Amino acid sequence: MAAANYLRFEDQFLCSICLDVFTHPVSIPCGHNFCKNCINEHWNTSDRYLCPMCKKVFNTRPELHINTLFSEMVVQFRQSAQQKTSSSSEQQLSKPGEVPCDVCTGTKLRALKSCLVCLASYCETHLEPHLTASRLKRHQLIDPVENLEDRMCTKHDKPLELFCKTDQTCVCMLCLVLDHKMHDVVPLKEEYEGKKAELGKTEAEIQQMIQKRRLKIQEIKHSVDLSEEDADREIAEGVQVFTALKESVERGQANLIDSIKEKQKTTEKQAEAFIKELEQEISELTKRRTEVEQLSRSKDQLHLLQSVQSLKAAPPTKDWTEVSVHTSSYKGTVVKAVAQLEETLSKEMKKLVAEAELKRVQQYAVDVTLDPDTAHPCLILSDDGKQVNDNDVWKNLPNNPERFSGCACVLGKQSFSSGRFYFEVQEKGKTDWNVGVARESINRKGVISLSPEDGYWTICLRNGNEYKAATSPPVSLSLKSRPQKVGVFVDYEDGVVSFYDVDAAALIYSFTGCCFTEKLFPYFSPERNNGGKNSAPLIISPVGVN
C-alpha cells in the first residue's frame with residue numbers, strides 16, 4: 001500500500017491513549033488496539049479493567065495479544081512518514097539562528113547533525129557518508145551546534161566527553177589519564193543530568209518565588225482597592241458631616257442677622273411712634289399760635305378783651321424732656337450667638353460622628369444564628385434561629401459539653417478568630433438581658449461569672465432601668481435613652497468590643513485592650529421569664545433594618 005494512502009488514514013495508526021503512532025500495538029478482546037505500555041499503565045492505575053474506547057468492562061485482566069498484521073502496517077506507516085519528513089527536510093533552508101551545513105556551497109541547507117571528529121555540521125545529503133561508510137560510522141554525531149571547536153579540548157584536540165567535579169571543568173579522555181587521574185571525573189552526560197535536575201529544581205523554586213510575588217501583588221492591589229473604598233466612604237461621610245455643620249453655621253448666622261434686624265426694627269417703630277405724637281402736638285400748637293397771633297394784632301380793645309376770654313385752652317402736651325429713643329445695644333449679641341452655635345455644633349458634631357462611626361462598624365455585619373446545642377434547657381429558640389426567650393419550663397435535653405446548664409443563655413453558631421464583625425440584637429419590651437461575645441473555652445456548667453477574666457465581654461440590663469458593663473466589678477452605665485436595639489462590634493486584632501444604641505446612633509460602652517487568643521462566639525441571655533414580666537424575646541435583627 002502506498003505511503004500516501006496511510007497518511008490519508010493517519011488517525012487509524014494513532015493510539016487513543018497517548019495520541020501518538022502505535023508502539024508495539026496489542027489487541028484486547030473487544031477488538032480495539034493500543035500501545036502495549038499504554039494499556040498496561042492504564043489498567044495499573046485503574047480499579048477496573050475496561051476498554052478506553054468502548055468502555056467494555058472485563059471481570060479479569062485480559063491477556064494482551066500482539067496484532068501482527070496491524071504491527072506491520074504501523075511499521076510501513078512509520079517508514080512512509082519518515083520518508084515524507086526526509087523528503088521535505090531536504091528542501092528546508094538554513095534560517096537565522098539555525099546551524100547551516102558546512103559542506104553546502106551557495107545556498108546553505110539546515111544541518112541535521114554535527115560531527116565532533118570532523119568538527120563540521122552536515123545537512124541530510126552530506127550526512128549520508130557518516131551513516132553508511134564504516135570508517136565514518138565510528139565518528140560521534142550530536143545535534144547540530146555552532147562553534148564546534150569549543151567542544152574540543154584545546155590541549156589534546158579531543159572531544160570534551162567528561163566532567164571533572166574536582167576542578168569543575170569539562171575534560172577529554174587524555175585529560176583524565178594525564179592531568180586529572182586522581183580527580184572525581186564522571187561522564188559528561190551524568191553531570192549534565194545532575195545539573196539539569198538542579199536547574200529544574202532551581203527553576204521550580206524561582207517559579208514558586210515568582211508566584212508568591214504575583215500573589216503578593218494581587219494582595220497589595222486588593223489592599224489598595226479596599227483602602228480606596230474606605231477612603232471614598234470616609235470622604236462621603238466627611239462631606240456629609242461638614243455639610244451638616246456648614247448648614248448649622250449658616251442657620252446660626254441667619255438667626256444672628258434676624259435677631260439684630262428685629263431689634264433695629266423695634267427701635268425704628270418706637271421712634272416712629274414718638275415722631276408721630278410730636279408731630280400731632282406741633283400741629284395743635286401751630287393752630288393755637290396762629291389764633292393767638294391774629295388776636296394780638298387786633299387794635300379793637302373791646303374785641304381783644306372779649307376774645308381772650310373765649311380763646312380755647314391750650315391743648316395738653318407731654319413733657320418730652322426725659323423722653324428719648326434708646327439705641328439698641330448689640331454688645332455681646334455675636335458672642336452669645338457664637339457660644340450658642342458652638343454648643344449646637346458640638347451636639348451636632350457628636351451626633352454626626354456617632355452616626356458615621358455606627359455606619360462604619362455596620363459594614364462588618366455578619367449573619368448570626370443561635371446554636372441549639374448550647375442553649376439552656378429552659379430557653380425556647382425560634383425555627384430560624386433568630387429569637388430566644390425563657391419560659392421557666394425545663395426541657396429534657398442531652399447535657400452535652402457545649403450546653404449551658406446553670407444560666408439561661410445561648411451562643412451563636414458562628415465563631416470568629418480574626419478580623420472584625422458586627423451584629424444587632426433587639427431588646428424591646430424586656431426588663432433583663434445580657435448581650436455580647438464569649439470565648440470558646442468558657443465554663444458552661446453551673447453558675448457562671450460574666451467578666452473578661454472569665455471569657456465574657458457583655459453588657460446587661462437589670463430591673464428595667466439599670467444598665468451595666470459586666471466588668472469586675474461591674475460599671476454602671478448612664479444612658480440618655482433606653483436602647484431598643486443594641487449593636488455589638490468586635491475588632492479581634494485591636495482587642496476591642498463595642499456596644500451601640502442603634503436607634504440613637506450612640507456608643508454605649510467599649511472594652512479595650514483585650515487580648516483574644518481563641519475563637520469568639522456571639523453570646524445571648526434573655527434572663528428568666530420572671531412570671532411573664534420578662535417574656536419578650538431577644539431578636540437578632542438584620543443590620544440596617546428598623
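## As for the packing of aromatic side chains
Reasoning step 1: Applying the stated criterion across every chain, the model contains 13 aromatic pairs.
Reasoning step 2: When the ring of Phe404 is compared with that of Tyr523, the centres are 6.4 Å apart and the planes differ by 75°; the resulting orientation is edge-to-face. Of this pair, Phe404 sits in the loop between strand E13 (387-390) and strand E14 (410-411) while Tyr523 sits in strand E23 (residues 520-525), and the two are 119 residues apart along the sequence.
Reasoning step 3: Accessibility expressed as a relative area gives 1% for Phe404, which makes it buried.
Reasoning step 4: Both rings, one in Trp457 and one in Phe516, keep their centres 5.1 Å apart while their planes meet at 80°; by these two values the pair is edge-to-face.

## Focus: the sheet that holds strand E8 (residues 141-142)
Reasoning step 1: The antiparallel open sheet is built from three strands, whose spatial order is E7-E6-E8. One side of each edge strand has no neighbouring strand; the edge strands of this open sheet are strand E7 (120-122) and E8.
Reasoning step 2: Relative to E8, strand E6 (residues 113-115) is paired through two bridges, and the arrangement is antiparallel. Following the sheet pairing, Ser114 is matched in E8 by Ile142.
Reasoning step 3: With respect to the sheet, helix H4 (residues 124-132) is in contact with E6, E7 and E8, its orientation differing from that of E7 by roughly 110°.

## Describing the sheet that holds strand E1 (residues 25-27)
In any sheet, the strands associate via hydrogen bonds between backbone groups, in a parallel or an antiparallel arrangement.
Reasoning step 1: The strand order E2-E1-E5 describes an open sheet built from three strands, whose pairing is antiparallel. The outermost strands of the open sheet, each flanked by one partner alone, are strand E2 (33-35) and strand E5 (65-66).
Reasoning step 2: Sheet topology places E1 next to E2; three bridges connect them, and they run antiparallel. Its bridge partner being in E2, Pro25 is matched across the sheet by Cys35.
Reasoning step 3: Helix H2 (residues 36-44) contacts E1 and E2 of the sheet and is inclined by roughly 90° relative to E2.

## Looking at the pairing of E23
Reasoning step 1: Of all six residues making up E23, six are buried, and the element is well covered by its neighbours.
Reasoning step 2: Note that E14 and E23 share two bridges and pair antiparallel. Residue pairing in the sheet places Val410 in a bridge with Phe524 of E23.
Reasoning step 3: Note: strand E16 (residues 433-439) against E23, six bridges, orientation antiparallel. Bridge pairing in E23 places Asn434 opposite Ser525.

## Concerning helix H7 (residues 188-296)
Reasoning step 1: Its 109 residues give H7 an end-to-end C-alpha distance of 155 Å, which sits within 8% of 162 Å, the value for a rise of 1.5 Å per residue.
Reasoning step 2: Burial in H7 covers these residues: Glu191, Glu237, Val241, Ala244, Leu245, Ser248, Gly252, Leu256, Thr267, Ala271, Glu281 and Leu295.
Reasoning step 3: Buried residues in H7 make contact with strand E9 (162-164), strand E11 (185-187), helix H8 (301-310) and helix H9 (333-362).

## A look at the packing of H7 against H9
Reasoning step 1: At a closest axis distance of 10 Å, the pairing of H7 and H9 adopts a crossing angle of 160°. Classified by the interaxial angle, the pair formed by H7 and H9 is roughly antiparallel. You can see that H7 and H9 cross each other, and the crossing is right-handed. Contact residues: H7 offers Glu234, Glu237, Gln240, Val241, Ala244, Leu245, Ser248, Val249, Gly252, Leu256, Ile260 and Lys263, while H9 offers Thr333, Val334, Ala337, Leu341, Leu345, Glu348, Met349, Leu352, Ala356, Lys359 and Arg360.
Reasoning step 2: Residue composition of the contact of H7 with H9, by class: 13 nonpolar, four polar and six charged.

## Quick look at the confidence of the model for the protein chain
Reasoning step 1: Taken residue by residue, the protein chain gives an average pLDDT of 87. The fraction at 70 or more is 94%.
Reasoning step 2: Low pLDDT, under 50, characterises residues 1-8; the stretch is placed with nine contacts to residues that sit more than four places away or in other chains.

## So, the side chain of His130
Reasoning step 1: Take His130: it is sitting in helix H4.
Reasoning step 2: At a separation of 3.5 Å, a polar atom in the side chain of His130 contacts the side chain of His139.

About the cut-offs
Residues numbered from 1 in each chain as written. Predicted model: local features only at pLDDT ≥ 70, side-chain atom pairs only at ≥ 80, totals over all residues. Heavy atoms only, no water. Phe/Tyr/Trp six-rings, centres within 6.5 Å; stacked < 30°, edge-to-face > 60°. Helix = DSSP H or I, 4+ residues; strand = E, 2+ residues; numbered from the N terminus. Buried < 20%, exposed > 50% of the residue type's maximum accessible area, 1.4 Å probe, protein only. Pairing = 2+ DSSP bridges. Contact = heavy atoms within 4.5 Å. Axes fitted to C-alpha atoms, helices over the stretch in contact; angles between N-to-C directions. Expected span 1.5 Å × (residues − 1). Parallel < 35°, antiparallel > 145°, perpendicular 65-115°, else oblique. Left-handed = near helix turned anticlockwise from the far one by under 90°. Nonpolar A, V, L, I, M, F, W, Y, C, P; charged D, E, K, R; others polar. pLDDT = per-residue confidence, 0-100. Polar contact = N/O pair within 3.5 Å; in protein donor to acceptor, adjacent residues only side chain to side chain.

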